[in-house]
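These are the residues of each chain, in order.
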Amino acid sequence: MEVIFLLIAISLILAGTFLFLFFKAMKSGQFDDDYTPSVRILFENPPKKSTKKNPSTKQKSYE
């Protein structure tokens with residue numbers, strides 16, 4: 001039974017250590033994305049086509 005308490009204590013210390021290291025990495029900018037903004041222009045979407053009909057042009061009827 002004492003082994004279970006020892007394992008729980010070790011796992012809590014280990015989890016706390018990983019949590020501390022994660023927050024430390026977040027604060028130092030480890031996960032910041034520096035590459036994507038520089039290549040974002042290469043993947044720009046094409047301009048949208050206008051779906052409005054020009055009222056000055058009349059459609060021809062072939063009847």
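Computed from a prediction, not measured in an experiment: that's the story for all the values here. (Residues numbered from 1 in each chain as written. Predicted model: local features only at pLDDT ≥ 70, side-chain atom pairs only at ≥ 80, totals over all residues. Heavy atoms only, no water.)

## Quick notes on the overall build of the protein chain
Then step 1. Helix and strand counts for the protein chain come out as two helices and zero strands.
Then step 2. The burial tally for the protein chain puts 3% of its 63 residues in the buried class.
Then step 3. With an accessible surface of roughly 7,100 Å², the protein chain has 64% of that area assigned to carbon and sulfur atoms. (Helix = DSSP H or I, 4+ residues; strand = E, 2+ residues; numbered from the N terminus. Buried < 20%, exposed > 50% of the residue type's maximum accessible area, 1.4 Å probe, protein only. Areas by Shrake-Rupley, 256 points an atom, 1.4 Å probe, with all protein chains shown as cover.)

## Quick word on the packing of aromatic side chains
Then step 1. Across all of its chains, the model carries two aromatic pairs by this definition.
Then step 2. Aromatic pair F22 and F31: ring centres 6.0 Å apart, planes at 40 degrees, arrangement tilted.
Then step 3. Given the relative accessible area of 39%, F22 is considered partly exposed.
Then step 4. Joined through ring pairs, the aromatic side chains of F22, F23 and F31 make up one cluster. (Phe/Tyr/Trp six-rings, centres within 6.5 Å; stacked < 30°, edge-to-face > 60°.)

## Considering the UniProt feature "transmembrane region" (unreviewed entry) in the protein chain
Then step 1. According to UniProt, the positions carrying the feature "transmembrane region" (unreviewed entry) are residues 6-23.
Then step 2. With 100% helix and 0% strand, the stretch residues 6-23 has end C-alpha atoms that lie 26 Å from each other. (UniProt positions renumbered as here; feature names shortened; annotations may be inferred.)

## Brief notes about helix α1 (residues 2-28)
Then step 1. Counted at 1.5 Å a residue, the expected span for α1 with its 27 residues is 39 Å, and the 39 Å between its end C-alpha atoms agrees.
Then step 2. Positive phi shows up at G29, right after α1, with a value of about 85 degrees. (Expected span 1.5 Å × (residues − 1).)

## Thoughts on the environment of T36
Then step 1. Residue position: T36 is located in helix α2 (residues 36-39).
Then step 2. T36 sits in the partly exposed class, given a relative accessible area of 33%.
Then step 3. A polar atom in the side chain of T36 sits 2.4 Å from the side chain of D33. (Polar contact = N/O pair within 3.5 Å; in protein donor to acceptor, adjacent residues only side chain to side chain.)

## Brief notes about a nonpolar patch on the surface
Then step 1. A cluster of nonpolar side chains, M1, I4, F5, I8 and L12, forms an exposed patch at the surface whose accessible area comes to about 580 Å².
Then step 2. With respect to the helices and strands, the residue I8 is situated in helix α1.
Then step 3. Judged by its relative accessible area of 42%, I8 is partly exposed. (Patch = residues over 30% accessible without salt bridge, like charges linked within 9 Å, V, L, I, M, F, W, Y side chains within 5 Å. Salt bridge = Lys/Arg side-chain N within 4 Å of Asp/Glu carboxyl O.)

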